[in-house]
Amino acid sequence: MLELVGFGVIASVAIVAALAVVLWRNLVHSVLWLAVLLLATAALFILLGASFLGGIQIMLYAGGVVTLMLFAIMLTRRRGGVGVENETAPQRRFPALLASGTLFAAMAWAIHRTEGLPTEPQVPIQTSDLGFAFLSDHVLAFEVLSVLLLAATIGAIVIARRRDFGDAGPARPLRGAGSRIVRGRAR
Amino acid sequence: MTLSMCLYLGAALLCIGIYGVLTRKNAIGVLLSVEAMANSVNVNLVAMSRYFGGTTSQLFAIFVMTITVAEVAVGLALVILFYRALQHTTLDEATQLRH
(Lines give C-alpha, C1' and ligand atoms only; values in the text may rest on other atoms or scores of the structure.)
Protein backbone atom coordinates (compact mmCIF):
# COMPACT_ATOMS: atom_id res chain seq x y z
CA MET A 1 0.00 0.00 0.00
CA LEU A 2 2.80 2.38 0.93
CA GLU A 3 4.53 1.38 -2.29
CA LEU A 4 1.42 2.29 -4.25
CA VAL A 5 1.26 5.74 -2.65
CA GLY A 6 4.94 6.27 -3.44
CA PHE A 7 4.38 5.22 -7.03
CA GLY A 8 1.44 7.61 -7.34
CA VAL A 9 3.44 10.55 -6.01
CA ILE A 10 6.45 9.77 -8.22
CA ALA A 11 4.33 9.22 -11.33
CA SER A 12 2.41 12.47 -10.91
CA VAL A 13 5.61 14.44 -10.29
CA ALA A 14 7.21 12.84 -13.36
CA ILE A 15 4.27 13.58 -15.65
CA VAL A 16 3.94 17.18 -14.47
CA ALA A 17 7.69 17.69 -14.89
CA ALA A 18 7.65 16.14 -18.38
CA LEU A 19 4.79 18.42 -19.42
CA ALA A 20 6.69 21.41 -18.06
CA VAL A 21 9.84 20.38 -19.98
CA VAL A 22 7.82 20.28 -23.18
CA LEU A 23 5.60 23.33 -22.68
CA TRP A 24 7.52 25.87 -20.60
CA ARG A 25 8.49 28.98 -22.49
CA ASN A 26 11.76 29.74 -20.75
CA LEU A 27 14.46 27.32 -21.85
CA VAL A 28 16.46 27.51 -18.61
CA HIS A 29 13.38 26.60 -16.61
CA SER A 30 12.76 23.75 -19.03
CA VAL A 31 16.17 22.29 -18.21
CA LEU A 32 15.49 22.59 -14.50
CA TRP A 33 12.18 20.77 -14.98
CA LEU A 34 14.12 18.07 -16.83
CA ALA A 35 16.26 17.71 -13.70
CA VAL A 36 13.06 17.22 -11.67
CA LEU A 37 11.89 14.56 -14.14
CA LEU A 38 15.21 12.72 -13.97
CA LEU A 39 15.26 12.81 -10.17
CA ALA A 40 11.68 11.48 -10.05
CA THR A 41 12.75 8.66 -12.36
CA ALA A 42 15.71 7.91 -10.10
CA ALA A 43 13.31 7.67 -7.16
CA LEU A 44 11.16 5.28 -9.19
CA PHE A 45 14.22 3.12 -9.96
CA ILE A 46 15.04 2.92 -6.25
CA LEU A 47 11.40 2.06 -5.51
CA LEU A 48 11.61 -0.73 -8.09
CA GLY A 49 14.67 -2.21 -6.40
CA ALA A 50 17.28 -0.99 -8.90
CA SER A 51 19.19 1.25 -6.53
CA PHE A 52 22.41 1.09 -8.58
CA LEU A 53 20.62 2.46 -11.63
CA GLY A 54 19.02 5.12 -9.46
CA GLY A 55 22.46 6.22 -8.29
CA ILE A 56 23.79 6.30 -11.84
CA GLN A 57 20.76 8.30 -12.90
CA ILE A 58 21.37 10.94 -10.24
CA MET A 59 25.11 11.20 -10.89
CA LEU A 60 25.11 11.00 -14.67
CA TYR A 61 21.92 12.81 -15.64
CA ALA A 62 20.96 15.14 -12.84
CA GLY A 63 24.61 15.97 -12.29
CA GLY A 64 26.22 15.79 -15.69
CA VAL A 65 23.70 16.16 -18.49
CA VAL A 66 21.73 18.99 -16.88
CA THR A 67 24.93 20.96 -16.26
CA LEU A 68 26.01 20.38 -19.85
CA MET A 69 22.64 21.57 -21.13
CA LEU A 70 22.81 24.72 -19.01
CA PHE A 71 26.30 25.43 -20.36
CA ALA A 72 25.05 25.03 -23.92
CA ILE A 73 22.12 27.37 -23.29
CA MET A 74 24.37 30.03 -21.79
CA LEU A 75 26.77 29.71 -24.72
CA THR A 76 24.08 29.99 -27.39
CA ARG A 77 21.89 32.65 -25.84
CA ARG A 78 21.02 35.71 -27.83
CA ARG A 79 21.49 39.02 -26.10
CA GLY A 80 18.42 40.40 -24.43
CA GLY A 81 16.23 37.99 -22.53
CA VAL A 82 15.67 34.28 -22.62
CA GLY A 83 11.91 34.63 -22.17
CA VAL A 84 10.45 33.80 -25.55
CA GLU A 85 13.22 31.93 -27.28
CA ASN A 86 11.71 28.54 -26.55
CA GLU A 87 8.17 28.88 -27.81
CA THR A 88 6.53 25.98 -29.57
CA ALA A 89 5.51 26.35 -33.20
CA PRO A 90 1.75 27.11 -33.22
CA GLN A 91 1.10 25.52 -36.61
CA ARG A 92 2.62 22.23 -35.45
CA ARG A 93 0.78 21.95 -32.13
CA PHE A 94 -2.33 20.20 -33.35
CA PRO A 95 -0.60 17.63 -35.61
CA ALA A 96 1.89 16.86 -32.86
CA LEU A 97 -0.91 16.43 -30.34
CA LEU A 98 -2.70 14.15 -32.76
CA ALA A 99 0.42 12.05 -33.39
CA SER A 100 1.42 11.66 -29.75
CA GLY A 101 -2.17 11.10 -28.63
CA THR A 102 -2.71 8.40 -31.23
CA LEU A 103 0.52 6.70 -30.25
CA PHE A 104 -0.42 6.80 -26.57
CA ALA A 105 -3.86 5.38 -27.33
CA ALA A 106 -2.29 2.55 -29.34
CA MET A 107 0.23 1.72 -26.63
CA ALA A 108 -2.35 1.91 -23.84
CA TRP A 109 -4.66 -0.38 -25.83
CA ALA A 110 -1.80 -2.83 -26.33
CA ILE A 111 -0.90 -2.82 -22.63
CA HIS A 112 -4.57 -3.19 -21.70
CA ARG A 113 -5.08 -6.13 -24.05
CA THR A 114 -1.96 -8.02 -23.01
CA GLU A 115 -2.90 -10.81 -20.66
CA GLY A 116 -0.73 -12.41 -18.06
CA LEU A 117 1.35 -9.41 -17.09
CA PRO A 118 2.93 -10.26 -13.74
CA THR A 119 1.65 -8.47 -10.69
CA GLU A 120 4.04 -9.88 -8.09
CA PRO A 121 7.60 -8.51 -8.10
CA GLN A 122 10.59 -10.83 -8.22
CA VAL A 123 13.60 -10.66 -5.93
CA PRO A 124 15.58 -7.45 -6.64
CA ILE A 125 18.84 -7.88 -8.55
CA GLN A 126 22.05 -7.30 -6.66
CA THR A 127 24.60 -4.89 -8.07
CA SER A 128 27.23 -7.64 -8.01
CA ASP A 129 25.06 -9.70 -10.37
CA LEU A 130 24.98 -6.75 -12.75
CA GLY A 131 28.75 -6.43 -12.69
CA PHE A 132 29.20 -10.15 -13.18
CA ALA A 133 26.84 -10.17 -16.18
CA PHE A 134 28.65 -7.19 -17.65
CA LEU A 135 32.03 -8.90 -17.54
CA SER A 136 30.95 -12.42 -18.48
CA ASP A 137 28.01 -12.75 -20.88
CA HIS A 138 27.96 -9.21 -22.24
CA VAL A 139 31.64 -8.34 -22.27
CA LEU A 140 31.74 -7.69 -26.01
CA ALA A 141 28.86 -5.22 -25.81
CA PHE A 142 30.58 -3.57 -22.87
CA GLU A 143 33.81 -3.06 -24.82
CA VAL A 144 31.96 -1.79 -27.89
CA LEU A 145 30.13 0.64 -25.64
CA SER A 146 33.38 2.02 -24.28
CA VAL A 147 34.72 2.49 -27.82
CA LEU A 148 31.48 4.29 -28.70
CA LEU A 149 31.91 6.66 -25.76
CA LEU A 150 35.48 7.42 -26.80
CA ALA A 151 34.42 8.04 -30.39
CA ALA A 152 31.57 10.31 -29.29
CA THR A 153 33.86 12.34 -27.04
CA ILE A 154 36.47 12.83 -29.75
CA GLY A 155 33.75 13.58 -32.29
CA ALA A 156 32.18 16.23 -30.04
CA ILE A 157 35.56 17.92 -29.56
CA VAL A 158 36.29 17.88 -33.29
CA ILE A 159 32.85 19.25 -34.19
CA ALA A 160 32.78 22.03 -31.61
CA ARG A 161 36.37 23.20 -32.11
CA ARG A 162 36.62 26.75 -33.36
CA ARG A 163 37.74 26.78 -36.96
CA ASP A 164 36.80 29.15 -39.69
CA PHE A 165 33.39 30.62 -38.98
CA GLY A 166 33.39 34.38 -39.46
CA ASP A 167 33.96 36.31 -36.28
CA ALA A 168 34.39 33.30 -34.05
CA GLY A 169 37.36 34.92 -32.36
CA PRO A 170 40.96 33.83 -32.36
CA ALA A 171 41.48 30.13 -32.76
CA ARG A 172 43.13 28.37 -29.88
CA PRO A 173 46.27 26.71 -31.19
CA LEU A 174 46.58 23.08 -30.27
CA ARG A 175 49.87 21.64 -29.28
CA GLY A 176 51.40 19.27 -31.77
CA ALA A 177 51.29 18.81 -35.47
CA GLY A 178 47.99 20.56 -36.16
CA SER A 179 48.85 23.81 -34.44
CA ARG A 180 50.52 25.51 -37.36
CA ILE A 181 47.47 25.03 -39.58
CA VAL A 182 45.11 26.41 -36.94
CA ARG A 183 47.31 29.43 -36.31
CA GLY A 184 47.69 30.09 -40.02
CA ARG A 185 43.94 30.17 -40.47
CA ALA A 186 43.41 32.50 -37.56
CA ARG A 187 45.67 35.07 -39.13
CA MET B 1 1.87 -1.34 -7.90
CA THR B 2 1.85 -3.64 -10.88
CA LEU B 3 3.86 -3.88 -14.08
CA SER B 4 1.10 -2.41 -16.22
CA MET B 5 1.06 0.80 -14.17
CA CYS B 6 4.78 1.30 -14.85
CA LEU B 7 4.20 0.58 -18.54
CA TYR B 8 1.41 3.17 -18.70
CA LEU B 9 3.73 5.71 -17.05
CA GLY B 10 6.49 4.94 -19.54
CA ALA B 11 4.09 5.27 -22.48
CA ALA B 12 2.78 8.61 -21.19
CA LEU B 13 6.29 10.03 -20.74
CA LEU B 14 7.30 8.81 -24.22
CA CYS B 15 4.30 10.49 -25.85
CA ILE B 16 4.92 13.76 -23.99
CA GLY B 17 8.50 13.64 -25.26
CA ILE B 18 7.34 13.02 -28.82
CA TYR B 19 5.03 16.03 -28.58
CA GLY B 20 8.01 18.13 -27.51
CA VAL B 21 10.26 16.87 -30.31
CA LEU B 22 7.59 17.70 -32.88
CA THR B 23 6.68 21.17 -31.61
CA ARG B 24 9.86 22.74 -30.25
CA LYS B 25 11.59 25.30 -32.41
CA ASN B 26 14.80 25.58 -30.44
CA ALA B 27 17.43 22.89 -31.03
CA ILE B 28 18.22 22.56 -27.33
CA GLY B 29 14.51 22.20 -26.60
CA VAL B 30 14.37 19.26 -29.01
CA LEU B 31 17.37 17.67 -27.29
CA LEU B 32 15.63 18.05 -23.92
CA SER B 33 12.57 16.23 -25.26
CA VAL B 34 14.75 13.44 -26.63
CA GLU B 35 16.24 13.06 -23.16
CA ALA B 36 12.74 12.71 -21.70
CA MET B 37 11.93 10.01 -24.28
CA ALA B 38 15.08 7.99 -23.51
CA ASN B 39 14.26 8.30 -19.85
CA SER B 40 10.80 6.81 -20.38
CA VAL B 41 12.35 3.79 -22.12
CA ASN B 42 14.48 3.23 -19.04
CA VAL B 43 11.38 3.29 -16.85
CA ASN B 44 9.98 0.40 -18.91
CA LEU B 45 13.22 -1.57 -18.79
CA VAL B 46 13.67 -1.26 -15.04
CA ALA B 47 10.03 -2.21 -14.41
CA MET B 48 10.51 -5.31 -16.61
CA SER B 49 13.59 -6.32 -14.66
CA ARG B 50 11.64 -5.99 -11.42
CA TYR B 51 8.70 -8.11 -12.51
CA PHE B 52 10.36 -10.69 -14.75
CA GLY B 53 13.73 -11.00 -13.02
CA GLY B 54 17.11 -11.41 -14.72
CA THR B 55 19.88 -8.93 -15.27
CA THR B 56 19.52 -8.34 -19.01
CA SER B 57 16.97 -5.54 -18.90
CA GLN B 58 18.99 -3.55 -16.36
CA LEU B 59 22.04 -3.95 -18.61
CA PHE B 60 19.96 -2.61 -21.47
CA ALA B 61 18.99 0.35 -19.30
CA ILE B 62 22.69 1.08 -18.68
CA PHE B 63 23.35 0.87 -22.43
CA VAL B 64 20.50 3.29 -23.10
CA MET B 65 21.89 5.74 -20.55
CA THR B 66 25.40 5.61 -21.98
CA ILE B 67 24.29 6.04 -25.57
CA THR B 68 22.01 8.91 -24.57
CA VAL B 69 24.87 10.71 -22.88
CA ALA B 70 27.07 10.26 -25.95
CA GLU B 71 24.24 11.56 -28.12
CA VAL B 72 23.81 14.62 -25.90
CA ALA B 73 27.53 15.41 -26.12
CA VAL B 74 27.57 15.23 -29.92
CA GLY B 75 24.21 17.00 -30.19
CA LEU B 76 25.30 19.93 -28.04
CA ALA B 77 28.53 20.22 -30.03
CA LEU B 78 26.41 20.45 -33.18
CA VAL B 79 24.18 23.07 -31.56
CA ILE B 80 27.20 25.19 -30.65
CA LEU B 81 28.56 24.89 -34.18
CA PHE B 82 25.13 25.82 -35.55
CA TYR B 83 24.99 28.87 -33.29
CA ARG B 84 28.45 29.95 -34.34
CA ALA B 85 27.47 29.77 -38.00
CA LEU B 86 23.99 31.35 -37.85
CA GLN B 87 23.86 33.24 -34.51
CA HIS B 88 20.66 31.51 -33.41
CA THR B 89 19.45 28.01 -32.60
CA THR B 90 16.07 27.98 -34.32
CA LEU B 91 15.68 24.74 -36.22
CA ASP B 92 13.04 26.05 -38.65
CA GLU B 93 15.57 28.38 -40.24
CA ALA B 94 18.25 25.72 -40.63
CA THR B 95 17.57 24.95 -44.26
CA GLN B 96 21.11 24.56 -45.58
CA LEU B 97 23.75 21.96 -44.94
CA ARG B 98 26.55 24.44 -45.58
CA HIS B 99 26.86 27.98 -44.41
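Below is a summary of the structure that appears in this document. (Residues numbered from 1 in each chain as written. Chains lettered and ligands numbered in written order. Predicted model: local features only at pLDDT ≥ 70, side-chain atom pairs only at ≥ 80, totals over all residues. Heavy atoms only, no water.)

Some thoughts on the interface of chain B and chain A
Logical step 1: The partner chain A presents 84 residues to the 73 residues of chain B that form the contact.
Logical step 2: Taking both sides of the interface into account, the surface hidden between chain B and chain A amounts to around 7,400 Å²; carbon and sulfur atoms contribute 77%.
Logical step 3: Three residues, Met-1, Arg-24 and Arg-50 of chain B, lead the burial of chain B against chain A; their summed loss comes to 11% of the area buried on that side.
Logical step 4: Along the contact surface separating chain B from chain A lie zero salt bridges.
Logical step 5: Where chain B touches chain A, the interface holds 13 residue pairs in polar contact (both at pLDDT 80 or more).
Logical step 6: Residue assignment for the side of chain B that touches chain A shows that the elements contributing at least two residues are helix 1 (3-23), helix 2 (27-52) and helix 3 (56-86) of chain B.
Logical step 7: Along the lines of polarity and charge, the residues of the side of chain B that touches chain A split into 45 nonpolar, 22 polar and six charged. (Contact = heavy atoms within 4.5 Å. Buried area = accessible area lost by both parts, 1.4 Å probe. Salt bridge = Lys/Arg side-chain N within 4 Å of Asp/Glu carboxyl O. Polar contact = N/O pair within 3.5 Å; in protein donor to acceptor, adjacent residues only side chain to side chain. Helix = DSSP H or I, 4+ residues; strand = E, 2+ residues; numbered from the N terminus. Nonpolar A, V, L, I, M, F, W, Y, C, P; charged D, E, K, R; others polar.)

Overview of the side chain of Thr-23 of chain B
Logical step 1: Its location among the elements puts Thr-23 of chain B in helix 1.
Logical step 2: Exposure remark for Thr-23 of chain B: the relative accessible area of 0% places this residue in the buried category.
Logical step 3: In this structure the side chain of Thr-23 of chain B is engaged in a polar contact, spanning 2.8 Å, whose partner is the backbone oxygen of Tyr-19 of chain B.
Logical step 4: Ignoring sequence-local partners within four residues, the contact set of Thr-23 of chain B consists of Thr-88, Ala-89, Arg-92, Arg-93 and Ala-96 of chain A. (Buried < 20%, exposed > 50% of the residue type's maximum accessible area, 1.4 Å probe, protein only.)

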